[in-house]
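The chain contents come next:
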Amino acid sequence: MCDTFPDTEFYTAMLNHSSDGLCLIDRKEGTVRLVNEPLCQLLNRVSDSLKGKSFGAIFSYDWSGEPDTRQVQYLGGLQPLSLEISIQPFSWQGECYGVVSVRDITAQLHSREALVETGLQRNFALNDILDGLWEINLQTNEVYISSEFKRIMDFPAEKTHFGLGEWQQQIHLDDCVAVMDIMNAHLRGEIPRFDAEYRLQTFSGEYVWVHDQGRVYERDAQQQPLRMVGMVQDISAAKAQEVLLRRQASHDYLTDLLNRRAGYMHFRKQLSYAQRYGRQFSVSLIDLDHFKSINDTYGHQVGDQVLKHLVAGISAQLRQSDTLMRWGGEEFLLLLPNTDSDGAFQLVEQLRKRVAEQPMPLSDGEVQYTFSAGVASFPQHAEQMDMLIKAADDALYVAKSAGRNQVSVSDEVTGIAQGELSV
């Protein structure tokens, strides 16, 4: 070094008067050639343990030879340090060197994080007007709650806090595992915040949907969480609207049965199950007789009441596994799992007789009505969904052509012996 840089002692003495840690690195070899005393004090190392050592080994990255400034974590001392390292290259006698400035910014970063945390708590406090504020002391497991939180939970006015275990017990059983997984992942530092939607049981025993958000704002020296703050919002109205919209998309507005689109998907699943496990499966297309005449005579409002009366009468006689859906207009599709064609015919014929015997009452009389139906079964009459519907539709046409108010079974044959399947 003395051969390359004369007056080394002079330069070293000059560097030692800098308040920043400084060193000189050789670009070709990647080693540290000179160090000043402030750098040794900062890293808690003696100069001989730094000079001649690899720059990358000390600071955990290699210099590219270009001007460079970055923040790094130094783990070689008694405590981890956040360092800002700035390198300026220069040439001397055809060789490339770098002057390295090292500053400790650990306290600065901690102050910035503390400011962020303070701002977070302030935001939580400001939102307390609209949202329920809570704070958890993770050392005592006490949860402190705001007045708005008490209102959401229907708590008595004198209740200002409760135990963390009590909060967990208030979570709906179907939601509890997922919520606690999110909470524990945040406490371990795996995710930046706790954020969950779930159902909470109120003091009166009812459940409300809440959107709950929070984060740890204080940890100890071992990074164990000490305190956590958050807000909870009552989103029950939004959830109810969401359920309503989802139901409106899948159910008929008049009869509350599955509509054709949702019913088609349900039909596909039921038939797939029958195909996979070798089960009998029957369908029946049910069509109200002379419905246009009912509308013309009594009006469409009464016609709608007749449709609902028909659905109520049929639904009351079905098994839990059966599904009635509105297929279109005055036409309905009935799915009968684990039922062969004979069993389906008997059930639908019983429904037909009951409907014919129970007219819909009006304030000044009654409306007498009947239906016709076609029955088809898997695999006897068809093996695929569309063909099964067509077979039932063809049978319905036969029933209507024969005078209506009767049930007809498809005469299609698939060639699969009925005895090959188990009911």
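Anything mentioned here points back to the structure above.
Calculation criteria
- Residues numbered from 1 in each chain as written.
- Predicted model: local features only at pLDDT ≥ 70, side-chain atom pairs only at ≥ 80, totals over all residues.
- Heavy atoms only, no water.
- Helix = DSSP H or I, 4+ residues; strand = E, 2+ residues; numbered from the N terminus.
- Buried < 20%, exposed > 50% of the residue type's maximum accessible area, 1.4 Å probe, protein only.
- Areas by Shrake-Rupley, 256 points an atom, 1.4 Å probe, with all protein chains shown as cover.
- Lys, Arg positive; Asp, Glu negative; His and termini not counted.
- Charge placed at Lys NZ, Arg CZ, Asp CG, Glu CD.
- Salt bridge = Lys/Arg side-chain N within 4 Å of Asp/Glu carboxyl O.
- Pairing = 2+ DSSP bridges.
- Axes fitted to C-alpha atoms, helices over the stretch in contact; angles between N-to-C directions.
- Polar contact = N/O pair within 3.5 Å; in protein donor to acceptor, adjacent residues only side chain to side chain.
- Core = buried A, V, L, I, M, F, W, Y, C linked by side-chain atoms within 4.5 Å.

Caption draft 1: Quick look at the overall build of the chain. Looking only at helices and strands, the chain features 13 helices and 18 strands. In terms of overall dimensions, the chain has C-alpha extents of about 120 × 65 × 40 Å along its principal axes. Sorting the 423 residues of the chain into buried and exposed places 43% on the buried side. Surface exposure of the chain reaches about 23400 Å², of which carbon and sulfur atoms provide 49%. If you average the places of the 38 positive and of the 58 negative side-chain charges in the chain, the two averages end up 2 Å apart.

Caption draft 2: The arrangement of the pattern of salt bridges in detail. The full count for this structure, using the stated rule, is 15 salt bridges. Across the salt bridge formed by Glu 84 and Arg 103, the nearest N and O atoms sit 3.7 Å from each other. Residue Glu 84 is located in strand S4 (residues 81–92), and its partner Arg 103 is located in strand S5 (residues 95–104); the two are separated by 19 residues in the primary sequence. Given the relative accessible area of 26%, Glu 84 is considered partly exposed. Here Glu 349 and Arg 352 are joined by a salt bridge, their closest N and O atoms 2.6 Å apart. You can see Glu 349 and its partner Arg 352 sitting in helix H12 (residues 341–357), three residues apart, about one turn around the helix. Just as Glu 349 is buried, Arg 352 falls in that class too. Through salt bridges with shared partners, a single ionic network connects Asp 287, Asp 289 and Lys 400.

Caption draft 3: Representation of the sheet that holds strand S11 (residues 225–234). Here we have six strands laid out as an open sheet, ordered S8-S7-S6-S11-S10-S9, and antiparallel in their pairing. Pairing within the sheet leaves two strands with one partner each, and these edge strands are strand S8 (161–163) and strand S9 (194–201). Pairs of neighbouring strands in the sheet enclose a mean axial angle of 30 degrees, with direction left out of account. Pairing between S9 and strand S10 (residues 207–219): eight bridges, direction antiparallel. Paired with Gln 201 across the strands is Tyr 207, a residue of S10.

Caption draft 4: Spotlight on the pairing of strand S14 (residues 331–337). With seven of seven residues buried, S14 is to be regarded as a mostly interior element. Along S14, one buried face is formed by Glu 331, Leu 333, Leu 335 and Pro 337 and the opposite face, lined by Phe 332, Leu 334 and Leu 336, is buried too. As judged from the five bridges shared by strand S13 (residues 323–328) and S14, these two strands associate in the antiparallel manner. Paired with Arg 326 across the strands is Phe 332, a residue of S14.

Caption draft 5: Spotlight on the side chain of Ser 82. Tracing the chain through its elements places Ser 82 in strand S4. A polar side-chain atom of Ser 82 sits 2.7 Å from a polar atom in the side chain of Gln 73.

Caption draft 6: Looking closely at the sheet that holds strand S1 (residues 21–26). Here we have five strands laid out as an open sheet, ordered S2-S1-S5-S4-S3, and antiparallel in their pairing. A single partner strand is all that each edge strand has here, and the edge strands are strand S2 (31–35) and strand S3 (68–74). Direction aside, the axes of adjacent strands within the sheet are offset by 30 degrees on average. The pairing of S3 with S4 spans seven bridges and is classified as antiparallel. Note on S4: the bridge partner recorded for Asp 68 is Ile 87.

Caption draft 7: Examining the nonpolar core more closely. Ranked by internal contacts, the top residues of the largest apolar core, which has 29 residues, are Ile 314 and Phe 371. Counting residues per element, the ones that place at least two in this core are strand S12 (281–288), helix H10 (291–298), helix H11 (300–315), S14, H12 and strand S17 (371–378). Examining the composition of this core, we find that six residues originate from one element, H11, more than from any other. Core analysis: the second largest hydrophobic core is formed by 27 residues, Leu 164, Ile 171, Cys 176 and Val 216 among them.

Caption draft 8: Representation of unusual backbone geometry within the structure. For the peptide bond that leads from Phe 378 to Pro 379, omega is 0 degrees, which places it in the cis range. Structurally, the position occupied by Pro 379 is in the loop between S17 and helix H13 (385–401). One non-glycine residue, Gln 93, lies in positive phi territory at about 55 degrees. Within the secondary structure layout, Gln 93 lies in the loop between S4 and S5. In this structure, Asp 154 takes a positive phi of about 60 degrees despite not being glycine. Mapping Asp 154 onto the fold places it in the loop between helix H5 (147–153) and S8.

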